[in-house]
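One-letter residues, chain by chain:
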Amino acid sequence: RTAQLTLSYEGAESKSVTLRQPAWLAPIKLSVTNVDDLSVTFSVETTDPELTWIPLMTTKEYFDSLLNDDAVFEDDMQYIVQQAIAQEITPSDYISQLLNKGSKENLRFNKLTPKTTYTLYVYGLTPEGERTTDIISTELTTGDPYDGPIDFNIEVAEQDFVLYID
């Protein structure tokens, strides 16, 4: 963006100054690279290679019920505290297990439910639990479950009264 600011007052010559502001780049970019019936593969690109961030995913319905970034973050922090207590570690230690740093490719969430709409989201986060960026999100819908034929080939062998299945 460019703006021209003119300074003037009575009895003095006007002076103009041109201000240029570089384009703002979001510190995190989220890209979904593949969605199937049970998983999603995605990449995260950061403008700062030292930026730590967390990827999360929930159903679109639940994400939308949280209304804004602050509510999403508060809900995430409650979940993190519960998980840390269950594992008998500090919330900071639990967060450190989830954090990524810099750009990453081919990340994956699996064990999803077929034909379900999810919201995948990321945001900058410190190990101490301080959010450092806006929440960047995208919606995706998993595919239909596999509906084709399934063949099994089972071979049974008996040895010393024990059955072995190969």
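Above this text sits the structure in question.
The rules behind each value
- Residues numbered from 1 in each chain as written.
- Predicted model: local features only at pLDDT ≥ 70, side-chain atom pairs only at ≥ 80, totals over all residues.
- Heavy atoms only, no water.
- Pairing = 2+ DSSP bridges.
- Helix = DSSP H or I, 4+ residues; strand = E, 2+ residues; numbered from the N terminus.
- Phe/Tyr/Trp six-rings, centres within 6.5 Å; stacked < 30°, edge-to-face > 60°.
- Buried < 20%, exposed > 50% of the residue type's maximum accessible area, 1.4 Å probe, protein only.
- Lys NZ or Arg CZ within 6 Å of the ring centre and 35° of its normal.
- Axes fitted to C-alpha atoms, helices over the stretch in contact; angles between N-to-C directions.
- Parallel < 35°, antiparallel > 145°, perpendicular 65-115°, else oblique.
- Contact = heavy atoms within 4.5 Å.
- 1 Å grid on protein atoms, 1.4 Å probe; cavity = no way out; pocket = protein on both sides within 12 Å on 5 of 7 lines; lining within 4 Å.
- Points joined across faces, edges and corners; volume = space filled by probe spheres on them.

To continue, consider the sheet that holds strand β6 (residues 100–101). Strand order in the open sheet formed by four strands is β6-β5-β8-β9, and the pairing between neighbours is antiparallel. The sheet is open, and its two borders are formed by β6 and β9 (136–141), each paired with just one other strand. Two strands pair when backbone bridges link them, and strand β8 (residues 117–124) and β9 are joined in this way by six bridges, in the antiparallel orientation. Of the residues in β9, the one forming a bridge with T119 is E139.

Turning our attention to the packing of aromatic side chains. Evaluation of the coordinates by the stated rule reveals four aromatic pairs. Centre to centre, the rings of F42 and F109 are 5.6 Å apart; their planes meet at 15°, and the pair counts as stacked. Of this pair, F42 sits in strand β4 (residues 40–46) while F109 sits in strand β7 (residues 104–109), and the two are 67 residues apart along the sequence. Here the aromatic rings of Y121 and Y123 are separated by 6.3 Å at their centres, their planes lie at 20°, and the arrangement is stacked. Both residues of the pair, Y121 and Y123, belong to the buried class. Put simply, the rings of F63, F73, Y121 and Y123 pair up and form one aromatic cluster. Taking the ring centre of F73 as reference, the NZ or CZ of R131 above it sits at 5.5 Å.

In a pair of packed helices, the angle between the axes and the distance between the axes together describe the arrangement. At their nearest, the axes of helix α2 (residues 69–86) and helix α3 (residues 91–98) sit 8 Å apart, and the two run at 105° to each other. Our classification of the angle between α2 and α3 gives roughly perpendicular. Facing Y79, I80, V81, Q83 and A84 of α2, the residues of α3 in contact are P91, Y94, I95 and L98.

This part takes up the layout of surface pockets. Roughly 390 Å³ of volume is contained in the largest pocket. Elements represented by at least two residues in the lining of the largest pocket include exactly β5 (52–59), α1 (60–65), α2 and β8.

With that out of the way, let us pick up the sheet that holds strand β3 (residues 28–35). Taken together, the three strands give an open sheet; going across it, the order is β3-β4-β7, and neighbouring strands pair in antiparallel fashion. Sheet topology places β3 and β7 at the edges, where each strand pairs with a single neighbour. Adjacent strand axes in the sheet meet at a mean angle of 30°, parallel and antiparallel pairs treated alike. When β4 meets β7, the two strands line up antiparallel, connected through four bridges. In the strand pairing of β7, V44 is matched with K104.

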